[in-house]
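One-letter residues, chain by chain:
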Amino acid sequence: MRIEKCYFCSAPVYPGHGMMFVRNDCKVFRFCRSKCHKNFKKKRNPRKTRWTKAFRKSAGKELTLDNSLEFEKRRNIPVKYNRELWSKTVEAMKKVESIKNKRQARFILNRLKSGKELEKAAAISEVKKNIHLIRAPHAGQAKQLEDKMVQKLAEDVEMDE
Amino acid sequence: MALYNFKKIMVVPTAKDFIDITLSKTQRKTPTVIHKHYQIHRIRHFYMRKVKFTQQNYHDRLSQILTDFPKLDDVHPFYADLMNVLYDKDHFKLALGQINIAKNLIDNVAKDYVRLMKYGDSLYRCKQLKRAALGRMCTILKRQKQSLEYLEQVRQHLSRLPTIDPNTRTLLLCGYPNVGKSSFINKVTRADVEVQPYAFTTKSLFVGHMDYKYLRWQVVDTPGILDHPLEERNTIEMQAITALAHLRAAVLYVMDVSEQCGHALSQQLELFNNIRPLFANKPLIVMANKCDVRKISELSEENQACDRLLAHRVDTKMKTKKVHDVLNRLHLAVPTKRDQKARPPFIPEGALLRRKAMEMDAPKRKLERDLEVELGDDYTLDLQKYWDLMNPEEKQDKIPEVWEGHNIADYIDPEIMKRLEDLEREEELREKAGEYDSEEESEDEEMQEIRQLASQIREKRKLKILTSKEKDTQGPRMPRTAKKVERATLEKEMADLGLDMTDKDDSHYALRSRSLVRKRKREVSAPPTSRTRSQSASRPPRDQSGVRDAKMLKKVKTMMKSSQKEMNRQGRKGESDRHVFDVKPKHLLAGKRKSGSTSRR
């Protein structure tokens, strides 16, 4: 039993799911669902179809080069079963998985940081340009003027006295 | 390879036929309907398809011709030489070369014109380009007329060549013309070669088959060879020479003892000596034929010189063919002894033991079947017990294969613990360096206020856009001043913007003051002079004039509406609107008279 990768979207294909296509040159293509299969038949390039993992990796949207990703590799030479090795491997897998997830999340977070700066700048410019939609320019000025006049009168009165 | 495919070479059509076939195929197999008003990309695609289709067809057929015809380098040298003799190697290669060139030219033409067609901007232009492309391709092919004719003739001749397998057991008959070779082959095989009294009856190679010692033998009959040097030989003789040169066969040199062929025995001997080099490495038999006419013993002394050669009398197939066993020689090579030490062949011990065990009945080991029978229902096929593991007590373990969507087999590595340690160390370093700290910068108040204002602005803008979209844009656009603005909405809007609108009764937009102003104006102006004006002031509106009461009003209104309904239903703009939207509706006029009533269209 092996969990394969879908050729198009790189999703896991569990046994009993998806389709397998064998081409005349003996190359095997596995698909997780008919969506990927149909896209393949339409000769779409997964590296250009935005929702696939292939696109995301090639466009730099996800972590590509990392030590934690080197652990999972298809190995062509089988190793003889050895209980100790297997149990150690399972534990190692769990730790590697947690580290990998952390690193992937951090990568995406860093990528999105610059967006925050842009948001700030956009808010500032929006306010500068369109403040007239919510605040009249001379909003409190009548009151201010009145206050000033009152103050001036009071001063005059004082001076007179 | 080339041996059997001479018969399967595709017919090479003449240039004219070729052009006709391809053009009519293009006409039939590509769409034919195109109109001027179609979109330009559709027009371009239509004509490009035709050009490409024609090119494809030419390419395919020419490629097939090129592959079907045998390459002289690939076939057996016997056939290569034979074809050279019959068809002239140079001419053959040239013809095929021309075809290849034509194919490439056609491809280039098509490529160029397809490229040009991308810039065609009208149907006429694209059509002219297509005509030009097809025309050029056909002209290229017309120039190949000679090559195609030649290749067709070659093909026809090739398919009629006798199938001589150069690698099987063969007997080759050679000698002067008219000595009796064809008669011999007729007798010995089922072949039916023409036998006539004149020389050169046989003009090409013929094959017959016969059986001897449960094996099939090929007998090849050649045209006669005359005695002159190689350069002066004509095509027919060259065929015989080619056969002699290339076929690994037993050669039967036939001599006519009675000199009925027209050549003396000495001449035949002369010829024999001349072509002797061709007999190298081939078993040779000299046949003295036509001995019934003149017995060997009657030969004069000078003729008895032939007896020095192996002279056999041809009587039945059995006798002569004994010699051909020599073709099936087997030779066991034994190394020469260099010293007295005996070196017998080496037989491994296991083989010896097995042989001994085979001789006596060895006790059988317990089979799986025996185990099954023993356990009965409890039996399960447990193949894991045969595994060869480092710790045999782990044989019955259930091996985990998958964890959380990952294959464990992908992680198995003898050095995994070391690598994991490295990774964890690296991770610790990163954590220390502060990579994973969550940076929650608390923004200062100013920034927060700005953000709030920005979101308010965006909301306001969206609302404005929505209201403007909901506006009724039919009819003439009236300026804003034509519409009356309610005092309350004005004051509310301004208050939202932050202005103080509390005490505004005596402002210029408050209604009461205006009405006062209006009344004053009325008193000052002159009374209305024309009657119509006064009448218009007092006239009732048209939908109320002449209507007595509410009941009548209701009836009048329904009458108006019902008369308008028909017009609305027909979608007519007025009484004179006689425009028909769909003069010939397709669903009524197209199709066969299938279901439903067929009494009328």
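Residue positions are counted from 1 within each chain, in the order its sequence is given. For naming, the first written chain is A and the first written ligand is 1, with later ones following in the order written. Local features in this predicted model are restricted to residues of pLDDT 70 or higher, and side-chain atom pairs are both shown and tallied only at a pLDDT of 80 or more, whereas totals for entire chains, interfaces and linings draw on every residue. Hydrogens are left out, water is left out, and the side-chain values use all remaining heavy atoms of the structure.

1. Things to note about the UniProt feature "domain: TRASH" (unreviewed entry) in chain A
Piece 1. Here the UniProt-annotated "domain: TRASH" (unreviewed entry) positions come out as residues 6–44 of chain A.
Piece 2. Taken end to end, residues 6–44 of chain A has its terminal C-alpha atoms 14 Å apart, with 21% of it in helix and 26% in strand. UniProt positions are given in the numbering used here, feature names are shortened, and annotations may be inferred rather than shown by experiment. Segments assigned H or I by DSSP are reported as helices when at least four residues long, segments assigned E as strands when at least two residues long, and all are numbered from the N terminus.

2. Description of the pairing of strand 3 (residues 19–22) of chain A
The two faces of the sheet receive side chains in turn, since in a regular strand these alternate between them.
Residues and elements named next belong to chain A.
Piece 1. Bridge count for strand 3 against strand 4 (residues 28–31) is 4 bridges, and the pairing is antiparallel. Counted as the bridge partner of Val22 is Val28 from strand 4.
Piece 2. In short, DSSP must find at least two bridges between two strands for them to pair. In this structure, the hairpin formed by strand 3 and strand 4 is closed by a connection of 5 residues, where Cys26 is found at a positive phi of approximately 70°.

3. A look at the nonpolar core
The nonpolar side chains of a soluble globular protein tend to be buried with one another.
Piece 1. Only buried residues count toward a nonpolar core, which is a set of Ala, Val, Leu, Ile, Met, Phe, Trp, Tyr and Cys residues joined through side-chain atoms within 4.5 Å. Only protein chains enter the accessibility calculation, which uses a 1.4 Å probe; a residue is then buried when its area is under 20% of its type maximum, exposed when over 50%, and partly exposed in between. If you look at the biggest cluster of nonpolar residues, it comprises 92 residues, and the most contacted ones within it are Phe69, Phe92, Leu151 and Tyr253 of chain B.
Piece 2. With 11 residues, the single largest contributor to this core is helix 5 (residues 89–117) of chain B.
Piece 3. Contact definition: two residues touch when any of their heavy atoms are within 4.5 Å. Contacts of Phe69 of chain B, omitting those with residues within four sequence positions, involve Ile9, Val12, Phe92, Leu96, Leu151, Val154 and Arg155 of chain B.
Piece 4. Residues Val90 and Ile99 of chain A together with Leu389 and Ile408 of chain B belong to the second largest nonpolar core, which totals 16 residues.

4. Re the interface of chain B and chain A
Piece 1. Of the residues lining the interface, 54 residues belong to chain B; the matching set on chain A comes to 51 residues.
Piece 2. At the boundary of chain B with chain A, total buried surface from both sides reaches about 5400 Å², with 61% on carbon and sulfur atoms.
Piece 3. Just to be clear on terms, a salt bridge is a Lys or Arg side-chain nitrogen sitting within 4 Å of an Asp or Glu carboxyl oxygen. Across the contact surface, chain B and chain A share 12 salt bridges.
Piece 4. When the shortest N-O distance is used, the salt bridge between Asp66 of chain A and Arg430 of chain B registers 3.8 Å.
Piece 5. Counting of polar contacts relies on pairs of N or O atoms within 3.5 Å, with two restrictions inside protein: one atom must be capable of donating a hydrogen and the other of accepting it, and residues adjacent in sequence are counted only when both atoms are side-chain atoms. Joining chain B to chain A, the criterion identifies 24 residue pairs in polar contact (both at pLDDT 80 or more).
Piece 6. At the level of elements, strand 7 (402–403), strand 8 (406–407), helix 14 (416–433) and helix 15 (445–470) of chain B are the ones that each hand at least two residues to the side of chain B that touches chain A.
Piece 7. Ranked by the residues each element gives to the side of chain B that touches chain A, the list is headed by helix 15 of chain B, at 11 residues.
Piece 8. Here the residues of the side of chain B that touches chain A are counted per class, giving 23 nonpolar, 6 polar and 25 charged. When two parts are brought into contact, each loses some accessible area as probed by a 1.4 Å sphere; the total of that loss over both is the buried area. Each residue receives one of three labels: charged for Asp, Glu, Lys and Arg, nonpolar for Ala, Val, Leu, Ile, Met, Phe, Trp, Tyr, Cys and Pro, and polar for the others, Gly being one of them.

5. Considering a positive patch on the surface
Piece 1. On the surface, a cluster of positive charge is contributed by Lys460, Lys464, Lys471, Arg477, Arg480 and Lys483 of chain B.
Piece 2. Structurally, Lys483 of chain B can be placed in the loop between helix 15 and helix 16 (487–496). The patches described consist of residues with a relative accessible area above 30% and no salt bridge, like charges being joined within 9 Å and nonpolar side chains (Val, Leu, Ile, Met, Phe, Trp, Tyr) within 5 Å. Here the Shrake-Rupley method, with its probe set to 1.4 Å, supplies the accessible areas, and only the displayed protein chains count as covering residues. Neither His nor the chain termini are counted; the positive set is Lys and Arg, and the negative set is Asp and Glu. Where a charge sits is defined by one atom per residue type, namely NZ (Lys), CZ (Arg), CG (Asp) or CD (Glu).

6. A word on the packing of aromatic side chains
Piece 1. For Phe, Tyr and Trp, rings pair up if their centres lie within 6.5 Å, where Trp contributes its six-membered ring, and each pair is then called stacked (planes under 30 degrees apart), edge-to-face (over 60) or tilted (otherwise). Counted according to the given criterion, the structure contains 15 aromatic pairs over all chains.
Piece 2. With 5.3 Å between their ring centres and 85° between their planes, Phe6 of chain B and Tyr79 of chain B make a pair best called edge-to-face. A residue pair is termed long-range when its members are at least 10 positions apart, and Phe6 of chain B in the loop between helix 1 (2–5) and helix 2 (15–29) and Tyr79 of chain B in helix 4 (residues 77–87) qualify at 73 residues. Of the two residues examined, Phe6 of chain B and Tyr79 of chain B, each falls in the buried class.
Piece 3. Taken together, the ring pairs in this structure connect Tyr7, Phe21, Phe29, Phe31 and Phe40 of chain A into an aromatic cluster.
Piece 4. Here Arg61 of chain B stacks its cationic end above the ring of Phe18 of chain B, 5.8 Å away from the centre of that ring. A ring is scored as having a charge over it whenever the NZ atom of a lysine or the CZ atom of an arginine sits within 6 Å of its centre and within 35 degrees of its normal.

7. A word on a nonpolar patch on the surface
Piece 1. On the surface, Met20, Val22 and Val28 of chain A cluster together into a nonpolar patch covering about 260 Å² of accessible area.
Piece 2. Summarising the element assignment, Val22 of chain A is placed in strand 3.

8. Details of a negative patch on the surface
Piece 1. On the surface, Glu146 and Asp147 of chain A together with Asp500, Asp503 and Asp506 of chain B cluster together into a patch of negative charge.
Piece 2. Take Asp503 of chain B: it is sitting in the loop between helix 16 and helix 17 (511–524).

9. Brief notes about the side chain of Glu97 of chain A
Piece 1. The residue Glu97 of chain A is located in helix 3 (residues 83–130) in this model.
Piece 2. Residue class for Glu97 of chain A comes out buried when judged on its relative accessible area of 12%.
Piece 3. What Glu97 of chain A contacts, discounting residues up to four positions off in sequence, is Trp403, His406 and Tyr411 of chain B.

10. What about the packing of helix 4 of chain B against helix 7 (residues 145–159) of chain B?
Residue and element names in this part refer to chain B.
Piece 1. Their axes nearest at 12 Å, the elements helix 4 and helix 7 cross at an angle of 125°. Between helix 4 and helix 7, the interaxial angle falls into the category oblique. Taken as a pair, helix 4 and helix 7 cross one another with a handedness that is right-handed. Seen from helix 4, the contacting residues are Met83, Leu86 and Tyr87; seen from helix 7, they are Tyr150, Val154, His157 and Leu158. For helices, the fitted line uses only the C-alpha atoms of the stretch in contact; every axis is such a line through C-alpha atoms, and the angle between N-to-C directions lies from 0 to 180 degrees. For this classification, under 35 degrees means roughly parallel, over 145 means roughly antiparallel, 65 to 115 means roughly perpendicular, and everything else is oblique. Should the near helix be turned counterclockwise from the far one by less than a right angle, the crossing is left-handed, whereas a clockwise turn marks it as right-handed.

11. Structural notes on the side chain of Asp256 of chain B
Piece 1. Tracing the sequence through the fold places Asp256 of chain B in strand 4 (residues 250–256).
Piece 2. Beyond its immediate chain neighbours, meaning those up to four positions away, Asp256 of chain B contacts Asn178, Val179, Cys261, Leu265, Gln268, Asn289 and Lys290 of chain B.

12. Here's the deal with the confidence of the model for chain B
Residue and element names in this part refer to chain B.
Piece 1. Across the chain, each position has a pLDDT score giving the predictor's confidence in that residue, from 0 to 100. When pLDDT is averaged across chain B, the result is 83; 87% of the residues are at 70 or more.
Piece 2. Below pLDDT 50 for its whole length, residues 300–320 participates in 21 contacts with residues either more than four positions away or in separate chains.
Piece 3. If you check the scores for this complex, the pTM reads 0.42 and the ipTM reads 0.81.

13. As for helix 1 (residues 34–41) of chain A
All names here are of chain A.
Piece 1. Along helix 1, the residues that are buried comprise Cys36, His37, Asn39 and Phe40. The arc that holds the buried residues of helix 1, viewed along the axis, is 165°, so those residues lie on one side. Helix 1 presents Lys38 and Lys41 as exposed residues on the side facing more than 90 degrees away from its buried surface.
Piece 2. Buried residues belonging to helix 1 abut strand 3 and strand 4. Our arc is simply the arc of the directions from the helix axis toward the C-beta atoms.

14. Considering the packing of helix 5 of chain B against helix 7 of chain B
Residue and element names in this part refer to chain B.
Piece 1. Between helix 5 and helix 7, the least distance of the axes is 9 Å, while the angle of their chain directions is 125°. The pairing of helix 5 with helix 7 is recorded here as oblique in orientation. The handedness of the crossing between helix 5 and helix 7 is left-handed. Residues His91, Phe92, Ala95, Leu96, Gln98 and Ile99 of helix 5 form the contact with helix 7, whose own contacting residues are Ser147, Leu148, Tyr150, Leu151 and Val154.
Piece 2. Residues that form the contact of helix 5 with helix 7 fall into these classes: 8 nonpolar, 3 polar and no charged.

15. Quick word on the pairing of strand 3 (residues 215–221) of chain B
All names here are of chain B.
Piece 1. Most of strand 3 sits inside the fold, with 5 of its 7 residues counted as buried.
Piece 2. Where strand 2 (residues 206–212) and strand 3 come together, 7 bridges link them in antiparallel fashion. Across the sheet, the residue bridging to His209 is Gln218, located in strand 3.
Piece 3. Adjacent in sequence and paired antiparallel, strand 2 and strand 3 are bridged by 2 residues, among which Lys213 carries a positive phi angle near 55°.

16. Concerning unusual backbone geometry
Residue and element names in this part refer to chain A.
Piece 1. One non-glycine residue with positive phi stands out, namely Ser10, at about 60°.
Piece 2. Structurally, Ser10 is set in the loop between strand 1 (4–5) and strand 2 (12–13).
Piece 3. Although it is not a glycine, Lys43 sits at a positive phi angle of roughly 65°.
Piece 4. Mapped onto the elements, Lys43 comes out in the loop between helix 1 and helix 2 (53–58).
Piece 5. Judged by relative accessible area, Lys43 falls into the exposed class, the value being 75%.

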